[in-house]
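For reference, the chains in residue letters:
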Amino acid sequence: VPPLMATAQVEKASVFTSSHQFYLAPQGVVPIMGDGEIGPVFMTVDDALLVSTGISMGDTPVAFATGVPEPLGGLPETGWEMSEEASLNLTGDLFLTGIDGFEHVLAFTVTPGPHRVRVSCRGRTLYYDGTLMGEPGEPVEEYRITVWEAEPGPREVGGNDGMDLL
């Protein structure tokens, strides 16, 4: 019998990226870079994650899903340049926010306990270290974050978007 899952939530938003990152964390938690396990797409810090972006600053499109079954298929996900997956022991609701931590773009209800998180990305090298102002024709860097209830497992990475060469 599968565990009870929180009601599925699927949302799309634009999060303001600064210092090459945005994050997903519980209310009031501001993850500190360097205090966690670092991967090529994101860093886990306790029950939060910092997503590493190509752009230095600007609005970044993010699709987010929680309370869903484990995604099928390998990494990277179809249509994405790179995907990374890791375990988090979540303590409560999550908030998608820019690195300043003041403006919560989206809030998600999650059941406390062990979860897996997968972040898929594309376009991180299109405008590396640039600032996007939301003008028509600007390059687009996109992310999809999926969170589901699961026992802890090893960190997994699939694909290569060329960020390791910058």
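Here's what I pulled together on the structure shown here. Everything numeric here is computed off the predicted structure, so don't read it as measured data.

Thresholds applied
- Residues numbered from 1 in each chain as written.
- Predicted model: local features only at pLDDT ≥ 70, side-chain atom pairs only at ≥ 80, totals over all residues.
- Heavy atoms only, no water.
- Helix = DSSP H or I, 4+ residues; strand = E, 2+ residues; numbered from the N terminus.
- Rg over C-alpha atoms; globule rule 2.2 N^0.38 Å.
- Contact = heavy atoms within 4.5 Å.
- Areas by Shrake-Rupley, 256 points an atom, 1.4 Å probe, with all protein chains shown as cover.
- Lys, Arg positive; Asp, Glu negative; His and termini not counted.
- Charge placed at Lys NZ, Arg CZ, Asp CG, Glu CD.
- Core = buried A, V, L, I, M, F, W, Y, C linked by side-chain atoms within 4.5 Å.
- Buried < 20%, exposed > 50% of the residue type's maximum accessible area, 1.4 Å probe, protein only.

All right, on to the overall build of the protein then. Of regular secondary structure, the protein possesses 0 helices and 12 strands. Ordering the α and β elements of the protein from the N terminus gives β-β-β-β-β-β-β-β-β-β-β-β. The globule rule puts the C-alpha radius of gyration for 166 residues at 15 Å, and the 15 Å found for the protein is close to it. Sequence-distant contacts, at least 24 apart, represent 80% of the contacts inside the protein between residues at least 6 apart. Carbon and sulfur atoms make up 56% of the accessible area of the protein, which totals about 8200 Å². A distance of 7 Å separates the average location of the 7 positive side-chain charges in the protein from that of its 24 negative side-chain charges.

Bringing the nonpolar core into the picture now. In terms of nonpolar packing, the biggest core is built from 25 residues, with L96, V119 and I145 touching the most fellow members. Counting residues per element, this core draws most heavily on strand β7 (residues 82–90), at 4 residues.

Along the chain, L75 connects to P76 via a cis peptide bond; the corresponding omega equals 0°. For P76, the position within the fold is in the loop between β6 (57–66) and β7. In this structure, H20 takes a positive phi of about 65° despite not being glycine. Tracing the sequence through the fold places H20 in the loop between β1 (9–18) and β2 (21–25). Positive phi, close to 55°, is recorded for D46, a residue that is not glycine. Locating D46 in the fold gives a position in the loop between β4 (42–45) and β5 (48–52).

Mapping I145 onto the fold places it in strand β11 (residues 142–149). We classify I145 as buried; its relative accessible area is 0%. It is 12 Å that separates the C-alpha atoms of I145 and F95, two residues lying 50 residues apart in sequence. Ignoring any residue separated from it by four or fewer positions in sequence, one finds I145 in contact with F22, L24, V51, V62, A63, F64, A65, L96, V117, R118 and V119.

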